[in-house]
Amino acid sequence: MEKEKLIRAAIDNLPGAYAPYSHFQVSAALLCRDGSIYTGFNIENAAYSAAVCAERSAIFRAVCDGKREFEAIAVCGGKDGVITDYCAPCGVCRQVMREFCSPADFLVIMAKSPEDYVEMTLKELLPRSFGPENLA
Ligand SMILES: [Zn+2]
């Protein structure tokens, strides 16, 4: 996997983030098993709870296109689109990842730049999680 390429896709996508209220822009780039990359960014709303995160934007775009198998996601963000720290997915996004991704294998890459990033598996970010097999 080309992590740097995935991170670059997330960073390039960051200026589009719609965050007029928090001014905290976040972008994500999702790598599908077939090699395709889907990007997403946070989309806020005047009714705050209607907002959606970058990670879910990317995942939902991919799922709407019929994708179901994912290998990694790169996430970046910061106030006014200036990346100063590693941006971790919120709890809701971790749970959405859990629906479609193997916890032990799916990689979450939190990036400041293509050269400066932290990576963790979904299992590390969401231990003892609840998933589809729990309802089987
Ligand atoms: Zn989130």
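For the structure itself, look to the data block above.
Residues numbered from 1 in each chain as written. Predicted model: local features only at pLDDT ≥ 70, side-chain atom pairs only at ≥ 80, totals over all residues. Heavy atoms only, no water.

## Here we look at the coordination of the zinc ion
Angles at a metal have ideal values that depend on geometry: 109.5 degrees with four tetrahedral donors, 90 or 180 degrees with six octahedral donors. On the protein side, the zinc ion has C53 (SG), C90 (SG) and C93 (SG) as donor atoms, found 2.2 to 2.4 Å from it. The sequence pattern formed by the donor residues of the zinc ion is C-x36-C-x2-C. Look at C90 and you get partly exposed, because its relative accessible area is 31%. On the basis of relative accessible area, C93 is assigned to the buried category, the value being 0%. (Donors = N, O, S within 2.8 Å, 3.2 Å for Na, K, Ca; no water. Buried < 20%, exposed > 50% of the residue type's maximum accessible area, 1.4 Å probe, protein only.)

## Digging into the layout of surface pockets
Empty space within the largest pocket amounts to approximately 160 Å³. Lining the largest pocket are 13 residues, and of these F24, V26, N42, C53 and E55 lie nearest its centre. Of all the secondary structure elements, the ones that give two or more residues to the lining of the largest pocket are β1 (24–32) and α2 (54–64). Split into classes, the residues belonging to the lining of the largest pocket amount to ten nonpolar, one polar and two charged. (1 Å grid on protein atoms, 1.4 Å probe; cavity = no way out; pocket = protein on both sides within 12 Å on 5 of 7 lines; lining within 4 Å. Points joined across faces, edges and corners; volume = space filled by probe spheres on them. Helix = DSSP H or I, 4+ residues; strand = E, 2+ residues; numbered from the N terminus. Nonpolar A, V, L, I, M, F, W, Y, C, P; charged D, E, K, R; others polar.)

## Here's the deal with the packing of aromatic side chains
Summed over the entire model, instances satisfying the criterion amount to two aromatic pairs. For the ring pair Y21 and Y48, a centre distance of 5.6 Å and an interplane angle of 40° mean the geometry is tilted. Of this pair, Y21 sits in the loop between α1 (3–13) and β1 while Y48 sits in the loop between β2 (37–41) and α2, and the two are 27 residues apart along the sequence. Residue Y21 is classed as partly exposed on the basis of its relative accessible area, which comes to 36%. With relative accessibility at 60%, the residue Y48 sits in the exposed group. (Phe/Tyr/Trp six-rings, centres within 6.5 Å; stacked < 30°, edge-to-face > 60°.)

## Regarding the side chain of K67
With respect to the element layout, K67 can be found in the loop between α2 and β3 (70–79). A polar atom in the side chain of K67 sits 3.3 Å from the side chain of S36. The residues contacting K67, other than those within four sequence positions of it, are C32, D34, S36, Y38 and A62. (Polar contact = N/O pair within 3.5 Å; in protein donor to acceptor, adjacent residues only side chain to side chain. Contact = heavy atoms within 4.5 Å.)

## Comments concerning helix α3 (residues 91–100)
Along α3, the residues classified as buried are C93, R94, V96, M97 and R98. Against the buried residues of α3 lie α2, β3, β4 (107–111) and α4 (122–125).

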